[in-house]
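As a plain string of letters, each chain reads:
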Amino acid sequence: MLFKRNKNTINIAAIVRLLGILMLIEAAFMAIPLATSIAYGELDTMKSFAYSIAITLGCGILAVVVPSHNNDMGKREGFLLTGLSWTVFSLFGMIPFILIENGLGVADAYFESMSGFTTTGASAFPSVENLPKGILLWRAISHFIGGMGIILFTLAVIPMLNKQSGLQLFNAEVTGITHEKIRPRISHTAKSLWLVYIAINAMLILLLWMGPMDLFDAVCHSFSAIATGGFSNHDNSIMFYNSDYVKIVLTIFMFLAGVSFGLIYKLSRGHFSEFLKNDATKWYLYIVLGSSLCIGLIEYFCNEGSLPRLVIDIPFQVVSGMTSTGYSATDINMWSQGSILLLMLLMTAGGCAGSTAGGVKVDRIVLIGKNLKNELYKILYPNTISPVRVNGKILSNDFTAKVSAFMLILLALFAGGTLSLTLCGINIFDAMFASLSCICNNGLGYGFTGSSFAHINDFGKWTMSFLMLAGRLEFFTVVILFTRAFWYK
């Protein structure tokens, strides 16, 4: 019988049906920029979104009607659905970029779409200043969806997933070392996280609207900042507004977006002690303050920067880089090499686990640091038993081994990405920066990619699209799909 499965096969039918539901959800989101295009009288853009909705809706309906005898999913289905969800969302999300007047090619459009949903924020458009409002909003919406996670949104709105399936999907997408539920049921946890996410977005929209931004720009930049994406409606990013108010507000909210949303939820429930005692959050704050001071001093003495600008612009750029937002408040191409190196380290570090930020995550850095301290201590006192504690909890050696494997994959992808980009004619340092920017979902450009990623050829864009996907899903979910053991149980 069609799609009949035994216990050793992957439940393809259930995956296809869920992908179909996701396509229907994506088509619904496309209706928002369609309405925006109608409101602004953008006829060509309106047609592109109408066609995109029709294509996405049609494919979604065909996938939903696939016969399935059960919807149960295990680990393998969870990993496969997660990887395919981001790939499919980006595939259909690129259609409006292709169909608009003077639209992008397939490689460029997929790069732009993947960059949006993975909240990388690197753009394949040579210039965004004159893009239609509908397209600008769709870029921002892709950040909004991808920030908290496609699968997490699915868990919040689709009741058909049973407890076991939901847990597998939750673990496959949510970032970090451990995956802590803040509510008894996975669906309730997903809804709570999304409510916090929406509430913070609403607050930022209001604050930006009170400043020099109009409502449209405030919405787009809020979606981008809280998702730590970095898409802006202007080529000069935040420099366009020349506003200290905008920089200060965004610095605060970008920093907040780099904190675990589960922790923010607990804070909203009055659990202040957990927030203050969290190891990762404390080190996240220390790194931001220390890096801001270091880069500020380097630029003050080496480039003779004005003190008022350094006090505002440097913390903004540090938080933007560390949280993988990628906004620009100053031209980093004018920075000294020492500052750029520190910025690359911040891009690698990333924010806290459970946030919308990319990178390694501070939680892993804390674990590596404490484990290193223990190992050095054991050299002097070999018989000592000193477990690694994070947030007061003892973590087993399995966590340390997994973090080591994570770092090894990151280095391998970084080396492979850098090599691939050098083959595209980019010098080694710029290739390293661009590769790291994509892996850590940062989107900052430097040197060759300083103004835009549009100049990179198709091979380079496909390479970077894969790096962005792997980085957003923290490697294991993607890499495991290429192993023989995954497909043959």
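Residues numbered from 1 in each chain as written. Predicted model: local features only at pLDDT ≥ 70, side-chain atom pairs only at ≥ 80, totals over all residues. Heavy atoms only, no water.

## A word on the overall build of the protein chain
Then, number 1: Looking only at helices and strands, the protein chain has 22 helices and 2 strands in total.
Then, number 2: Residue burial in the protein chain is summarised as follows: out of 489 residues, 57% are buried.
Then, number 3: Restricting to contacts in the protein chain with at least 6 residues of sequence separation, those with at least 24 account for 73%. (Helix = DSSP H or I, 4+ residues; strand = E, 2+ residues; numbered from the N terminus. Buried < 20%, exposed > 50% of the residue type's maximum accessible area, 1.4 Å probe, protein only. Contact = heavy atoms within 4.5 Å.)

## Some details on the packing of aromatic side chains
Then, number 1: Within this structure, the stated rule accounts for 20 aromatic pairs.
Then, number 2: Consider the rings of Trp283 and Tyr286, whose centres lie 5.5 Å apart with planes at 85°: the pair is edge-to-face. With Trp283 and Tyr286 both in helix α14 (residues 279–302) and 3 residues apart, the pair spans about one turn of that helix.
Then, number 3: Here Trp283 falls in the partly exposed class, since its relative accessible area comes to 46%.
Then, number 4: Considering the side-chain rings of Phe406 and Phe476, the 6.3 Å spacing of their centres and the 45° angle between planes classify their relative orientation as tilted. With Phe406 in helix α18 (residues 397–422) and Phe476 in helix α21 (residues 476–479), this residue pair connects regions lying 70 residues apart in the sequence.
Then, number 5: Assessed through its relative accessible area of 24%, Phe476 is described here as partly exposed.
Then, number 6: Within the aromatic cluster, the residues linked to one another by ring pairs are Phe144, Trp194, Tyr197, Phe223 and Phe261.
Then, number 7: One residue, Arg364, lies across the ring of Phe406, its end atom 3.9 Å from the ring centre.
Then, number 8: Just above the ring of Phe476 sits the side chain of Lys402; from NZ or CZ to the centre is 5.6 Å. (Phe/Tyr/Trp six-rings, centres within 6.5 Å; stacked < 30°, edge-to-face > 60°. Lys NZ or Arg CZ within 6 Å of the ring centre and 35° of its normal.)

## What about the pattern of salt bridges?
Then, number 1: On inspection of all chains with the given rule, the structure shows 7 salt bridges.
Then, number 2: Its salt-bridge partner being Asp313, residue Lys247 comes within 3.0 Å of it at the nearest N-O pair. Here Asp313 lies in helix α15 (residues 307–322) and Lys247 lies in helix α11 (residues 244–257), a separation of 66 residues in the sequence.
Then, number 3: Among the residues examined, Lys247 registers a relative accessible area of 5% and is labelled buried.
Then, number 4: Between Glu375 and Lys378 there is a salt bridge, and its shortest N-O distance comes to 4.0 Å. On the criterion of helical spacing, the pair formed by Glu375 and Lys378 is a turn pair, its members being 3 residues apart in helix α17 (residues 362–380). (Salt bridge = Lys/Arg side-chain N within 4 Å of Asp/Glu carboxyl O.)

## Examining the environment of Trp209
Then, number 1: Mapped onto the elements of the fold, Trp209 is located in helix α9 (residues 186–209).
Then, number 2: According to the relative accessible area criterion, Trp209 is partly exposed, its value standing at 46%.
Then, number 3: Each residue touching Trp209, except ones within four places of it in the same chain, is listed here: Asp214, Leu215 and Ala218.

## A look at unusual backbone geometry
A negative phi angle is the norm for most residues apart from glycine, just as the trans form is the norm for most peptide bonds.
Then, number 1: With a phi close to 50°, Thr228 is a non-glycine residue in the positive phi region.
Then, number 2: Its location among the elements puts Thr228 in the loop between α10 (215–226) and α11.

## A few points about helix α2 (residues 43–64)
Then, number 1: When the terminal C-alpha atoms of α2 are compared, their 31 Å separation across 22 residues agrees well with the 32 Å that a helix rising 1.5 Å per residue should span.
Then, number 2: Every buried residue of α2 is listed here: Thr45, Ser48, Phe49, Ser52, Ile53, Thr56, Gly60 and Ala63. For α2, the angular spread of the buried residues around the axis is 130°, confining them to a single face. Along α2, exposed side chains directed more than 90 degrees from the buried face belong to Tyr51 and Leu62.
Then, number 3: Those residues of α2 that are buried are in contact with α1 (12–39), α3 (75–93), α4 (95–99) and α6 (133–148). (Expected span 1.5 Å × (residues − 1). Arc of directions from axis to C-beta.)

## Side note on helix α5 (residues 106–117)
Then, number 1: With 12 residues, α5 extends 16 Å from end C-alpha to end C-alpha; this agrees with the ideal 16 Å at 1.5 Å per step.
Then, number 2: Taking burial as the measure, the 12 residues of α5 include 11 buried ones, the bulk of the element.
Then, number 3: In the core, the buried residues of α5 are packed alongside α1, α3, α4, α6 and α20 (458–472).
Then, number 4: The first or second residue beyond α5 is Thr119, which carries a positive phi of 55°.

## A word on a nonpolar patch on the surface
Then, number 1: A contiguous nonpolar surface patch, about 650 Å² in accessible area, is contributed by Leu293, Leu297, Tyr300, Phe301, Leu307 and Val311.
Then, number 2: Looking at the nonpolar patch, the elements with two or more residues in it are α14 and α15.
Then, number 3: The dominant element in the nonpolar patch, judged by the number of residues it contributes, is α14, at 4 residues.
Then, number 4: Here Leu293 is to be found in helix α14. (Patch = residues over 30% accessible without salt bridge, like charges linked within 9 Å, V, L, I, M, F, W, Y side chains within 5 Å. Areas by Shrake-Rupley, 256 points an atom, 1.4 Å probe, with all protein chains shown as cover.)

## Regarding the nonpolar core
What tends to happen in soluble globular proteins is that the nonpolar side chains get buried as a cluster.
Then, number 1: With 135 residues, the main nonpolar core has Leu250 and Phe261 as its most contacted residues.
Then, number 2: The dominant element in this core, judged by the number of residues it contributes, is α1, at 12 residues.
Then, number 3: In contact with Phe261, other than residues within four places in its own chain, are Met148, Leu193, Val196, Tyr197, Ile200, Ile226, Gly354, Ser355 and Thr356.
Then, number 4: Formed by 5 residues, the second largest nonpolar core is a distinct cluster that contains Leu367, Val388, Val390 and Leu395. (Core = buried A, V, L, I, M, F, W, Y, C linked by side-chain atoms within 4.5 Å.)

Keep in mind these numbers describe shape, not what the thing actually does.
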